[in-house]
Amino acid sequence: MERVLDIIVPFGPFLRRAELSKPFLHWVDLVLHVIPVTFLFYWLCSLIPFVGTLLYLLVLVPLSANRHVKLNAISQRIEKFSIYLWYYAVISIGFAGLWGFIGHTIMADTVAAGIGWPEGSPFQTELAFYSLGLSVAGLMAVWLRGHMITALVITKSVFWYGAALVHIQDALVNKNYEPLNIGAPLVGDIVLPTLLLVLLIPVLKNELKDGISES
């Protein structure tokens, strides 16, 4: 079962290996194997109505992170939070950002129709490149952790909460009840940043406390 999990979430074994290697080693494996395989299984999960991608992010990703914790015999609560936070930053911001970039470029009209917004808007292209920029930074967090992850989580969380507000407002004011406006994306826009911040806050507090004690 654990080997199956490593196949479905290839970021798991990759992050375990990256933690012990030099920075930016194995990036070719990331580009040619880890990301394409993740795309395959993420796409398969997306075929499950309403909850598919959330299932991947909220169930399979933490299971993979928990496997990392067990294999490394991590017992301290803060260290566990740090691993979960790392996985979520890399996968839900790094990898999922690529998914968003493709959605707002190659499938822009389909996504717009699913949200209930006008097709052909240049704002979708802008959003695509925003997603791509965060994605690149998120994937760099494979090797550059620390406050890189803090910046990613804060930036993405503000966007997610803001996007949720826009979708809710559009539903209330314009009666837009399209599935990509008030469905799983809206749930993700609320649940994912909340989860990331719940993990980030104690990690940050611990780092600040260590910094004060060292000074």
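Keep in mind it's a predicted model, so treat the numbers as computed, not measured.

Definitions and limits used
Residues numbered from 1 in each chain as written. Predicted model: local features only at pLDDT ≥ 70, side-chain atom pairs only at ≥ 80, totals over all residues. Heavy atoms only, no water. Helix = DSSP H or I, 4+ residues; strand = E, 2+ residues; numbered from the N terminus. Rg over C-alpha atoms; globule rule 2.2 N^0.38 Å. Buried < 20%, exposed > 50% of the residue type's maximum accessible area, 1.4 Å probe, protein only. Contact = heavy atoms within 4.5 Å. Areas by Shrake-Rupley, 256 points an atom, 1.4 Å probe, with all protein chains shown as cover. Lys, Arg positive; Asp, Glu negative; His and termini not counted. Charge placed at Lys NZ, Arg CZ, Asp CG, Glu CD. 1 Å grid on protein atoms, 1.4 Å probe; cavity = no way out; pocket = protein on both sides within 12 Å on 5 of 7 lines; lining within 4 Å. Points joined across faces, edges and corners; volume = space filled by probe spheres on them. Nonpolar A, V, L, I, M, F, W, Y, C, P; charged D, E, K, R; others polar. Phe/Tyr/Trp six-rings, centres within 6.5 Å; stacked < 30°, edge-to-face > 60°. Axes fitted to C-alpha atoms, helices over the stretch in contact; angles between N-to-C directions. Parallel < 35°, antiparallel > 145°, perpendicular 65-115°, else oblique. Arc of directions from axis to C-beta.

## Topic: the overall build of the protein
Here is step 1: Assigned secondary structure in the protein consists of 10 helices and zero strands.
Here is step 2: Moving toward the C terminus, one meets the helices and strands of the protein in the order α-α-α-α-α-α-α-α-α-α.
Here is step 3: For the protein, the C-alpha radius of gyration of 18 Å lies close to 17 Å, the compact-globule estimate for 215 residues.
Here is step 4: Taken over the C-alpha atoms alone, the protein extends approximately 55 × 40 × 30 Å along its principal axes.
Here is step 5: Taking all 215 residues of the protein together, 44% fall into the buried category.
Here is step 6: Sequence-distant contacts in the protein: of pairs separated by 6 or more residues, those separated by 24 or more amount to 70%.
Here is step 7: Of the accessible surface of the protein, which amounts to about 11,500 Å², a share of 71% is contributed by carbon and sulfur atoms.
Here is step 8: Counting 13 positive and 14 negative side-chain charges, the protein places the centres of these two groups 11 Å from one another.

## Quick look at the layout of surface pockets
Here is step 1: Approximately 1,500 Å³ is the volume found for the largest pocket.
Here is step 2: As for the largest pocket, its lining consists of 46 residues, and the residues nearest its centre are Trp99, His104, Val111, Leu180 and Pro185.
Here is step 3: Taken together, the elements giving at least two residues each to the lining of the largest pocket come down to α3 (27-46), α4 (52-71), α5 (77-103), α6 (108-115), α7 (122-140), α8 (147-174), α9 (179-182) and α10 (184-214).
Here is step 4: It is α5 that contributes the most residues to the lining of the largest pocket, seven residues altogether.
Here is step 5: Residue composition of the lining of the largest pocket, by class: 29 nonpolar, 15 polar and two charged.

## Concerning the environment of Val61
Here is step 1: Inspection of the secondary structure assignment puts Val61 in helix α4.
Here is step 2: Along the sequence, Val61 and Ile91 sit 30 residues apart, while their C-alpha atoms lie 7.9 Å from each other.
Here is step 3: Residues within four places of Val61 in sequence aside, it is in contact with Tyr56, Tyr87, Tyr88 and Ile91.

## So, the packing of aromatic side chains
Here is step 1: Per the stated rule, a full pass over the model turns up 11 aromatic pairs.
Here is step 2: For the ring pair Phe24 and Trp143, a centre distance of 4.9 Å and an interplane angle of 35° mean the geometry is tilted. On the criterion of sequence distance, the pair formed by Phe24 in the loop between α2 (11-18) and α3 and Trp143 in the loop between α7 and α8 is long-range, its members being 119 residues apart.
Here is step 3: An angle of 65° between the planes, with centres 4.8 Å apart, marks the rings of Phe39 and Phe95 as edge-to-face. Of the two residues, Phe39 sits in helix α3 while Phe95 sits in helix α5, which places them 56 residues apart along the sequence.

## A few points about the packing of α2 against α3
Here is step 1: Direction vectors running N to C along α2 and α3 enclose 150°, while the axes themselves pass 10 Å from each other. Comparing the axis directions of α2 and α3 gives the class roughly antiparallel. Of α3, the residues touching α2 (which contributes Phe11, Phe14 and Arg17) are Asp29, Leu30, Val34, Ile35 and Thr38.
Here is step 2: Broken down by class, the residue content of the contact of α2 with α3 amounts to five nonpolar, one polar and two charged.

## Thoughts on unusual backbone geometry
One can expect most non-glycine residues to show negative phi and most peptide bonds to be in trans.
Here is step 1: The backbone of His26 shows a phi angle near 70°, a positive value even though the residue is not glycine.
Here is step 2: For His26, a relative accessible area of 34% gives the class partly exposed.
Here is step 3: A positive phi is found at Phe50, a non-glycine position, where the angle reads about 75°.

## A closer look at α6
Here is step 1: Every buried residue of α6 is accounted for by Ala108, Val111, Ala112, Gly114 and Ile115. For α6, the buried positions fall inside an angular range of 160° around the axis, keeping them on one side.
Here is step 2: Those residues of α6 hidden inside the fold are in contact with α5, α7, α8 and α9.
Here is step 3: Positioned one or two residues after α6, Gly116 has a phi angle of 90°, which is positive.

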